[in-house]
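# Tertiary structure, described
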Amino acid sequence: MKYTSTGNKDTRSGFGAGLYELGKVNPNVVALCADLIGSLKMEDFSREFPDRFFQTGIAEANMIGLSAGLTIGGKIPFAGTFAVFATGRVYDQIRQSVAYSNKNVKICASHAGITLGEDGATHQMLEDIGLMKMLPNMTVINTCDYNQTKAATIAIANHVGPVYLRFGRPAVPNFTPADQQFTIGKAVKLTEGTQVSVFATGHLVWKALEAADMLEQQGISAEVVNIHTIKPLDEEAIIRSIQKTGCAVTAEEHMMNGGLGDSIAQVVARIHPVPLEMVAINDTFGESGTPEELMVKYGLDAPSIVKAAKRAIARKNN
Amino acid sequence: MTDFEFLNKMAAQVRRDVIRMVHRPSSGHPGGSLGCADFFTALYFDVLRADPKHFTMDGTGEDLFFLSNGHLSAAWYSVLARRGYFDVKELSTFRLLNSRLQGHPTPAEHLPGIRIASGSLGQGLSVGCGAALAKKLNGDSHLVYTLHGDGELQEGQIWEAALFAAAKGIDNLIATVDYNGKQIDGPVDTVVGLGDLKAKWLAFGWDVLETNGNDMPALVKTLHEAVEHTGKGKPVIILMRTQMGMGVDFMVGNHKWHGKAPNDEEFAKAMAQLPETIGDF
């Protein structure tokens, strides 16, 4: 393995740490939360900057509207709740008051995807990337580990415009540099490879690295690219990689419809058609279970990426 | 000293503007715009502390207004233009292709005076609360105003915001309601009645004022009274009794004119009742 984890940490704690850092340096940063301060790791910000923190109660639609209004006075609101409530529940509020109005709101969504675990399908948001990427003006980011989530949280404060920042609940390997510069819309190549490109986002980035390791042991060279920004998509990096490898796999903790794979398929089909396989949730709701059990049952693990890579390579060679 | 003769003349011109604006594209919502012509006029020409010639998105050092029931765009655009936010000639482009005067208001077209999109109902009170919080954070003592339809109060988000505003003591906010008792499908009471509306807002912890929204002196007095009620720990709301379609006899009190433009014959009849007082666009 070319990358080593410094230990398991949850991405939501990266968000909380980034938000706290922002609070210390940017007086215009304000934060809102709909009764999930502990789950979103917003305690430090809410304790240290009580004047700039707004507990909205269990009223997400109001939270989005408040955020839009706060931007009008020059504030940079970070609105935090679970992904399921941060998108589907308030889609119309985001569409009209944030995206169409082009307001500088940062929608910060934790517990995204199936790794939310035991709470089950009601809370396992698997459609949020699709919902958010369809909105004009919206930037969509899905970070892979603690360090990257912290860096992204800090970076989006300097981007003027609506942002959807997606992260999760479970502790996962923390392997990206603590001092990284996060650039919105710039893919990060993690391994050089020649036979297959693996474009992964969120928790699937580490799984993709594990898969690349397994493939290497079988004599297959995979190039792993971390697509932390789904919109705007780094088309150049994607094309450059598939021009070299000639086939690709996408991997994400999201519905196949509307997810990263669907975005990349559009680029591949338009610019440089190659065999493309997708590791994603295939048109089904999740269920209760531990995050690891669910990732295996729903085919979002390293062996699933390995199989997809072999299918892509076989199609290329036919 | 308030010049009521001027305000009434202006409101009459705004009503004429509204009918001319919706007639050209054969599209729009004349009923609510006619009912609130007096309100928009009173607010922009007598109450709101804002500089139309130097519009800024953040509105620092100014009072802000948010139209939550965005389908009243025609009257709002008319008053904004008449107040000097943009040229009155532009009113002739309402709802036409490539216009800044979209069917429902939006900041996307950079029309001076507009800070948020509205049209999908129920969102403006939350936005107003957010803007009011920002004013408090910025040490800006100016006020935030919103307008809502009474039918719009059926939206759940309104009550989320109502609860929040009172709980957090947002007392630099004056919400107003176009209380005309009408909505698209009929009288509000037969669609989903609001019950004792004043009691509801009082129970939510708001300071509630009532007025006749089509009586200029009464309306102006209540708006100034509302300003006096700010800064006392509670959000303020004015329930304005109005008549949908006010000013055109065949439209008054008829919910069928919520979202329908007059045909040529109806237009001529309406024009005959709406004198040109300031000068047409």
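Computed from a prediction, not measured in an experiment: that's the story for all the values here. (Residues numbered from 1 in each chain as written. Chains lettered and ligands numbered in written order. Predicted model: local features only at pLDDT ≥ 70, side-chain atom pairs only at ≥ 80, totals over all residues. Heavy atoms only, no water.)

As a further point, take the overall build of chain A. Check the secondary structure of chain A and you find 12 helices and 14 strands. For 318 residues, the compact-globule formula gives about 20 Å, and the C-alpha radius of gyration of chain A, at 19 Å, lands near that figure. Summarising its shape, the C-alpha atoms of chain A cover approximately 60 × 35 × 35 Å along the three principal directions. Across the 318 residues of chain A, 65% fall into the buried class. On chain A, roughly 11,400 Å² of surface is accessible, and the fraction owed to carbon and sulfur atoms is 50%. (Helix = DSSP H or I, 4+ residues; strand = E, 2+ residues; numbered from the N terminus. Rg over C-alpha atoms; globule rule 2.2 N^0.38 Å. Buried < 20%, exposed > 50% of the residue type's maximum accessible area, 1.4 Å probe, protein only. Areas by Shrake-Rupley, 256 points an atom, 1.4 Å probe, with all protein chains shown as cover.)

Residue and element names in this part refer to chain A. The buried count for strand S11 (residues 222–226) comes to 5 of 5 residues, which makes it a mostly enclosed element. Here S11 shows two buried faces, one formed by Ala-222, Val-224 and Asn-226 and the other by Glu-223 and Val-225. Examined bridge by bridge, strand S10 (residues 196–200) and S11 share 5 bridges and lie parallel to one another. What sits directly across from Ala-200, in S11, is Asn-226. (Pairing = 2+ DSSP bridges.)

All names here are of chain A. Along its sequence, chain A is organised into domain 1 (8–173) and domain 2 (188–317). The centre of domain 1, based on its C-alpha atoms, is set 26 Å off from the matching centre of domain 2. Facing the 33 residues of domain 1 at the interface are 32 residues of domain 2. Across the domain 1/domain 2 interface, buried area totals approximately 2,400 Å², and carbon plus sulfur atoms make up 59% of it. Considering only the side of domain 1, the residues that lose the most area to domain 2 are Ile-114, Leu-126 and Lys-133, jointly responsible for 27% of the buried surface there. Linking domain 1 with domain 2 are 1 salt bridge. (Domains from an automatic or database assignment. Contact = heavy atoms within 4.5 Å. Buried area = accessible area lost by both parts, 1.4 Å probe. Salt bridge = Lys/Arg side-chain N within 4 Å of Asp/Glu carboxyl O.)

Residues and elements named next belong to chain A. One open sheet accounts for 7 strands, arranged S3-S2-S4-S5-S7-S6-S12; its pairing is mixed. This sheet does not close on itself; its edge strands, each paired only once, are strand S3 (53–55) and strand S12 (229–231). Shown here is a sheet whose adjacent strand axes are inclined to one another by a mean of 20°, direction ignored. Pairing between strand S6 (residues 139–142) and S12: 2 bridges, direction antiparallel. Counted as the bridge partner of Val-140 is Lys-231 from S12. Its contacts with the sheet place helix H7 (residues 146–156) against strand S4 (76–82), strand S5 (106–110), S6 and strand S7 (163–166), and it is angled at close to 170° to S7. (Axes fitted to C-alpha atoms, helices over the stretch in contact; angles between N-to-C directions.)

Next up on the list: the interface of chain A and chain B. Each partner contributes to the interface: chain A provides 26 residues, whereas chain B provides 29 residues. Note on chain A versus chain B: buried area summed over both sides is about 2,200 Å², and carbon and sulfur give 58% of it. Counting across the interface, chain A meets chain B through 0 salt bridges. Viewed at the interface, chain B and chain A are joined by 16 residue pairs in polar contact (both at pLDDT 80 or more). Elements supplying a minimum of two residues to the side of chain A that touches chain B: S3, helix H3 (60–72) and helix H5 (91–100) of chain A. (Polar contact = N/O pair within 3.5 Å; in protein donor to acceptor, adjacent residues only side chain to side chain.)

Residues and elements named next belong to chain A. If you trace the backbone, Leu-260 turns up in helix H10 (residues 260–271). In the structure, Leu-260 is positioned 145 residues away from Thr-115 in sequence and 17 Å away in space, judged by C-alpha atoms. Discounting residues that sit within four places of it in the chain, Leu-260 has contacts with Phe-199, Ala-200, Thr-201, Ile-227, Ile-230, Leu-233, Ala-251 and Glu-252.

All names here are of chain B. Its boundaries defined by the atoms lining it, the largest pocket holds a volume of some 310 Å³. Taken together, 19 residues make up the lining of the largest pocket; nearest its centre are His-71, Leu-121, Glu-152, Gln-183 and His-258. When the residues that make up the lining of the largest pocket are grouped by side-chain class, the tally is 4 nonpolar, 10 polar and 5 charged. (1 Å grid on protein atoms, 1.4 Å probe; cavity = no way out; pocket = protein on both sides within 12 Å on 5 of 7 lines; lining within 4 Å. Points joined across faces, edges and corners; volume = space filled by probe spheres on them. Nonpolar A, V, L, I, M, F, W, Y, C, P; charged D, E, K, R; others polar.)

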